[in-house]
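The primary structure of each chain is shown beneath.
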Amino acid sequence: MKKLNVGMIGGGFMGKAHALAYAGMPMFFWPAPAIPHRHTLVDVKEELAKDAALKLGFENYSTDWRAVVNDPDIDIIDIVTPNNTHAEIAIAAAKAGKHIISEKPLALGAAEAKTMLDAVKAAGVKHAVAFNYRRTPAVALAKKYIEEGRIGKILSFRGTYLQDWSADPNSPLSWRFQKKIAGSGALGDIGTHVVDFARYLVGEITDVNAVTKTWIHERPVQTGGVDKLGTVKSGADVPKGAVDVDDEFITLVKFDNGAIGSIEATRNAWGRNNFLTFEIHGEKGSLYFNYERRDELQVCFADDPSDAKGFRTVYTGPATPYGEGLWPIPALGIGYGETKIIETYDFFKAIVEGTEASPNFNDGYRIEVIADGILESAEKGEWVSLEKTAASVK
Ligand code: NAI
Ligand code: SOE
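So, how was this worked out
Residues numbered from 1 in each chain as written. Chains lettered and ligands numbered in written order. Predicted model: local features only at pLDDT ≥ 70, side-chain atom pairs only at ≥ 80, totals over all residues. Heavy atoms only, no water. Near = heavy atom within 4 Å. Polar contact = N/O pair within 3.5 Å; in protein donor to acceptor, adjacent residues only side chain to side chain. Areas by Shrake-Rupley, 256 points an atom, 1.4 Å probe, with all protein chains shown as cover. Helix = DSSP H or I, 4+ residues; strand = E, 2+ residues; numbered from the N terminus. Nonpolar A, V, L, I, M, F, W, Y, C, P; charged D, E, K, R; others polar. Domains from an automatic or database assignment. Pairing = 2+ DSSP bridges. Right-handed = clockwise from strand over helix to strand, strands pointing away.

Which residues make up the site of ligand 1, and what values do they have?
Within the structure, ligand 1 sits among 27 residues, and M14, D43, N83, K104 and Y336 are positioned closest to it. Within the backbone of K104, an N or O atom sits 2.8 Å from an oxygen atom of ligand 1. With respect to ligand 1, the side chain of R176 contributes an N or O atom lying 2.9 Å from an oxygen atom. When isolated, ligand 1 has an accessible area of 850 Å², and the protein chains bury 88% of it. Elements with a contribution of two residues or more to the shell around ligand 1: α1 (13–28) and α9 (336–353). For the shell around ligand 1, a count of residues per class yields 13 nonpolar, eight polar and six charged. Shared between two domains, the shell around ligand 1 takes at least three residues from each, and those domains are domain 1 (3–133) and domain 2 (137–333).

Following this line, the structure appears as structure tokens:
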């Protein structure tokens, strides 16, 4: 069976998730399209790279991503580093003829994302952006129902992504609060996952009207190289650094097919952990999903008998999307790891079969256009047409 050698750049939180997926993919989806070989892991310091390679099962380690990108033995470059590094690594990898999967958000903004899209198109390599939540079987089931016309023409989409890991002002100044590294705040970090749902399930977004807020303007500076998100609280005596991104945004949206909706995200919602949800209303029914109960899709069909009409729960399992590879009976439990395993399976299939991966850098670019539009709208206090935003990207 064909083997594809992976060079993974970054050995943090997402490094772990992607490494798990490389190990697990053939165990779930057999015969696998190709066997992922964890060839080389790169991180910024030798001790980080060596430790992560050992922990995550990579054969080699390096501190030089350029050398790995240009290594003729490497087939795939996997970018799991902070957002400000995605473009430089992806463009070099495309020039070296490597297939690329990049974590989200694709870039710091639409202009940078466009340079990445142009590079992969020119090189003719396969490219994917890691919006893995759409790989949750219940989300893929919602897509199937929509495509089958089970809820009819879509009228509206309401999407949220609410977390609380940074609601405490003493949680550290992660790179996620620094514009030069993250690009934006809750918008790029978690809001883009909801935008991906909206585009995947409903269609292209054409107009936005948004507000953004920064609630906590400074946070304790972290010591040590490894990002701790909200997990380590600091005392009052720790030096503070400025937050220059949004903590929260809410936007109205219009879709090109006439549907309307709203999208919101915050990391300051006490009690909400990974409250990634959507509710979709169509002319013939409604669908509701909440990632915190990710084995379930809530459905209501207008033609259900009137004495039994109302939301009911469909549990995902062997009969629902990706069920053939997952667990043998419904509701055994889908986890974050399985979404990454499915993402890897789909990406490897695209490479081996020569098809377009999805979501890919074009989707990543469009999502950056929408994110830029949201920031512009919040600043101007008015509706923004995304065609104009896209047209202004050189
Ligand atoms: P992290 O901070 O935990 O890990 C990043 C790693 O990259 C660190 O080990 C760091 O030392 C390393 N690194 C930084 N610059 C580097 C360079 N130039 N060369 C080599 N290594 C470098 O960050 P995390 O949480 O893993 O995030 C990485 C990316 O994944 C981000 O773009 C983030 O938005 C995305 N992400 C996506 C998630 C999803 O659900 N799809 C979940 C969490 C993060
Ligand atoms: C932090 O908000 C984070 O790790 C995001 O970066 C991820 O994209 C999300 O999936 C989980 O939360």
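Before we move on, can you summarise the pairing of strand β2 (residues 35–42) with the specific residues and values?
As judged from the seven bridges shared by strand β1 (residues 3–9) and β2, these two strands associate in the parallel manner. If you follow N5 over to β2, its bridge partner there is H37. Handedness of the β-α-β unit built from β1, α1 and β2 comes out right-handed. Pairing of β2 with strand β3 (residues 60–62), which is carried by three bridges, proceeds in the parallel orientation. Bridging from a neighbouring strand, V42 pairs with S62 of β3. Chirality of the crossover, the property in question, places the unit of β2, helix α2 (residues 46–56) and β3 among those that are right-handed.

Geometric descriptors of this kind do not, in isolation, establish any biological role.
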